[in-house]
Amino acid sequence: MQEADSTEVSAKPKRSFYAARDLYKYRHQYPQNFKDIRYQNDLSNLRFYKNKIPFKPDGVYIEEVLSKWKGDYEKLEYSHTYIQWLFPLREQGLNFYAKELTTYEIEEFKKTKEAIRRFLLAYKMMLEFFGIKLIDKTGNVARAVNWQERFQHLNESQHNYLRITRILKSLGELGYESFKSPLVKLILHEALVENTIPNIKQSALEYFVYTIRDRRERRRLLRFAQKHYTPSENFIWGPPRREQPEGSKAPKTPAPPTSGHHSQTSMHKKPKDSKNPSAAGRVNSKAAEDKKVTPREPEEETDWPSSEAGSEAARSGDPEREGDADNSSPQPEEAVAHALEKKERASPSEKDEERENRNKDCESPGETGSHDDAPLQ
């Protein structure tokens, strides 16, 4: 669940374990979703976009939404049952009449031209509601004519941040992954550079960026955000400051212990064997240096969630990092995946204990819900 953004400059933001876990599942195609087969033949979302059924519980067809709701900002603001139908996901929202997408339905949706056409019109309608316009077929966006009024509203009505997260996720599900980055970049620019929607920056960095499946694209956006974030010391999403790797070199002088170990070993072995311990000592020393001296350059290092004592994610070890090697990333997922890898190597008893702890701490249905499923939705 997204926390309200603080407008106090002095308040240092915190990472959310639940956000990271939710977005990890999304980026990895919901690896534990076992509901897919059960609803495979339903196709409610596709039939809605083909204008064959209305969305429930309101009973409104997609054509009516696109023709009569466009520009009706009061209706778009205060109605909370349409967003799950316009931007379906493979996860349950608060409108329990809306059905989850399935992989089969996604493939059918992408092949249906009228559904795709209406989906893009729905996207444009919501962008205009936020004060943004789609300017080309590649997903580039810019300020709309009414941007001042709408940005002011967006800065104050923070439940719309939940809707933006859902929209971004749905774009990725239905074949428009490339549309995400331009939208997120514009939002970051307006929040951090232009200061037109400052209240959105926490959600943009905690949620919007991490809906993007391409690691390199996430890294690019986080670097941009880090460059413009103020106060800079409160930026907790990017790589650590360069002073940290520099400082870590100072205690890195295990040479004396290595040589001491070498001399101690040679006392217990014959002179003819002294070469081997010496070689082993050099190898061990080099390995120790490699571990400490090569932090993968600052861009590749991360300290999710910036080692805050009270942070949930620091305690829990969160799945926010990807173990796959599609693109390298300096983002908070690095530390998290390390925790996942340790979990995979753990003994059965350790895994059972970890599973029990996670069940207690994180697996209640209310918390695993999507970021866009806050009560206001």
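An unreviewed UniProt entry lists the chain under the name Opioid growth factor receptor-like protein 1 isoform X1, with Neophocaena asiaeorientalis asiaeorientalis as the source organism. For the record of the chain, the UniProt heading Sequence similarities (unreviewed entry) holds the text "Belongs to the opioid growth factor receptor family."

Trainee: Would you explain the pattern of salt bridges in this entry?
Mentor: Opposite charge on two side chains permits them to pair, given that their charged atoms come into close proximity. Summed over all chains, the structure comprises 18 salt bridges. One salt bridge connects Lys 111 with Glu 108, and the closest N-O pair in it is separated by 3.1 Å. Of the residues examined, Lys 111 reaches a relative accessible area of 60% and is grouped as exposed. For Arg 118, the salt bridge is made with Glu 114, and the minimal N-O distance between the two is 3.0 Å. Highlighted residues: Arg 118 and Glu 114, both in helix α7 (residues 113-130), separated by four residues, approximately one helical turn. Each of Arg 90, Glu 173, Glu 177, Lys 180 and Arg 213 takes part in a single network of salt bridges with overlapping partners.

Trainee: Which parts of the structure should I look at to understand α7?
Mentor: Every α-helical turn comprises 3.6 residues, leaving residues that sit three or four positions apart pointing alike. Taking 1.5 Å per residue as the helical rise, α7 with its 18 residues ought to reach 26 Å, and the 26 Å between its terminal C-alpha atoms agrees with that figure. Within the span of α7, buried status applies to Ala 115, Ile 116, Arg 118, Phe 119, Ala 122, Tyr 123, Met 125, Met 126, Leu 127, Phe 129 and Phe 130. After α7 finishes, the residue Gly 131 shows a positive phi value of roughly 95°.

Trainee: Is there a simple way to think about helix α11 (residues 201-208) in this case?
Mentor: For α11, the buried fraction is high: seven of the eight residues fall into the buried class. Buried within α11 are the following residues: Gln 202, Ser 203, Ala 204, Leu 205, Glu 206, Tyr 207 and Phe 208. Residues of α11 that are buried make contact with α1 (17-27), α9 (159-173), α10 (180-193) and α12 (215-228).

Trainee: What's the story with unusual backbone geometry in this structure? I'm lost.
Mentor: Leave glycine aside and you will find that most residues have negative phi; peptide bonds, for their part, are mostly trans. For the bond running from Lys 56 to Pro 57, omega is 5°, close enough to zero to count as cis. Phi at Leu 43 is positive, roughly 55°, even though this residue is not glycine. Summarising the element assignment, Leu 43 is placed in the loop between α1 and α2 (44-49). Even without a glycine there, the phi angle at Asn 195 is positive, about 60°. Relative to the helices and strands, Asn 195 is located in the loop between α10 and α11. You can call Asn 195 exposed: its relative accessible area is 52%.

Trainee: Help me understand the packing of α1 against α9, please; the structure alone is not making it clear to me.
Mentor: Running from N to C, α1 and α9 cross one another at 20°; their axes reach a closest spacing of 11 Å. In terms of axis orientation, α1 runs roughly parallel to α9. The element α1 and its partner α9 pack so that their crossing is right-handed. Contacts between α1 and α9 involve Asp 22, Leu 23 and Tyr 26 on the former and, on the latter, Leu 168, Lys 169, Gly 172 and Glu 173. Residues of the contact of α1 with α9, tallied by class, amount to three nonpolar, one polar and three charged.

Trainee: How should the packing of α7 against α9 be read in this particular structure?
Mentor: The geometry of a pair of packed helices is captured by two quantities: the angle between their axes and the separation between those axes. Viewed as axis vectors pointing N to C, α7 and α9 meet at an angle of 155°, and their least axial separation amounts to 12 Å. With respect to α9, the element α7 is oriented roughly antiparallel. In terms of crossing hand, the pair formed by α7 and α9 is left-handed. Residues Phe 119, Tyr 123, Met 126, Phe 129 and Phe 130 of α7 form the contact with α9, whose own contacting residues are Asn 160, Arg 163, Ile 164, Ile 167, Ser 170 and Leu 171. Taken together, the residues that form the contact of α7 with α9 break down as eight nonpolar, two polar and one charged.

Trainee: Looking at this model, I keep getting lost on the nonpolar core. Mind explaining?
Mentor: In summary, soluble globular proteins display a tendency toward joint burial of nonpolar side chains. The biggest cluster of nonpolar side chains holds 69 residues, and the ones touching the most others in it are Leu 86, Met 126, Leu 188 and Phe 208. Among residues more than four places away in sequence, those in contact with Leu 188 are Val 193, Ala 204, Leu 205, Val 209, Leu 221, Phe 224 and Ala 225.

Trainee: Would you mind going over the side chain of Arg 15 with me for this structure?
Mentor: Relative to the elements of secondary structure, Arg 15 occurs in the segment before α1. Under the relative-accessibility criterion, Arg 15 is labelled buried at 4%. A polar atom in the side chain of Arg 15 sits 2.9 Å from the side chain of Glu 206.

Trainee: Help me out: how do you make sense of the packing of aromatic side chains in this one?
Mentor: Each aromatic ring pair is specified by the distance between its two centres and by the angle formed by the two planes. The tally for this structure, following the rule as stated, stands at 20 aromatic pairs. Considering the side-chain rings of Phe 119 and Tyr 176, the 6.3 Å spacing of their centres and the 35° angle between planes classify their relative orientation as tilted. With Phe 119 in helix α7 and Tyr 176 in the loop between α9 and α10, this pair connects stretches of sequence that are 57 residues apart. Both residues of the pair, Phe 119 and Tyr 176, belong to the buried class. Ring-pair connections join several aromatic residues into one group, and the members of that group are Phe 48, Tyr 49, Phe 55, Trp 69, Tyr 82, Trp 85, Phe 87, Phe 109, Phe 119, Tyr 123, Tyr 176 and Phe 179. A cation over a ring is seen here: Arg 143 above Trp 147, with NZ or CZ 3.7 Å from the ring centre. Over the ring of Phe 224 we find Lys 185; its NZ or CZ atom is 4.7 Å from the centre of that ring.

Scoring rules and cut-offs
- Residues numbered from 1 in each chain as written.
- Predicted model: local features only at pLDDT ≥ 70, side-chain atom pairs only at ≥ 80, totals over all residues.
- Heavy atoms only, no water.
- UniProt positions renumbered as here; feature names shortened; annotations may be inferred.
- Salt bridge = Lys/Arg side-chain N within 4 Å of Asp/Glu carboxyl O.
- Buried < 20%, exposed > 50% of the residue type's maximum accessible area, 1.4 Å probe, protein only.
- Helix = DSSP H or I, 4+ residues; strand = E, 2+ residues; numbered from the N terminus.
- Expected span 1.5 Å × (residues − 1).
- Contact = heavy atoms within 4.5 Å.
- Axes fitted to C-alpha atoms, helices over the stretch in contact; angles between N-to-C directions.
- Parallel < 35°, antiparallel > 145°, perpendicular 65-115°, else oblique.
- Left-handed = near helix turned anticlockwise from the far one by under 90°.
- Nonpolar A, V, L, I, M, F, W, Y, C, P; charged D, E, K, R; others polar.
- Core = buried A, V, L, I, M, F, W, Y, C linked by side-chain atoms within 4.5 Å.
- Polar contact = N/O pair within 3.5 Å; in protein donor to acceptor, adjacent residues only side chain to side chain.
- Phe/Tyr/Trp six-rings, centres within 6.5 Å; stacked < 30°, edge-to-face > 60°.
- Lys NZ or Arg CZ within 6 Å of the ring centre and 35° of its normal.

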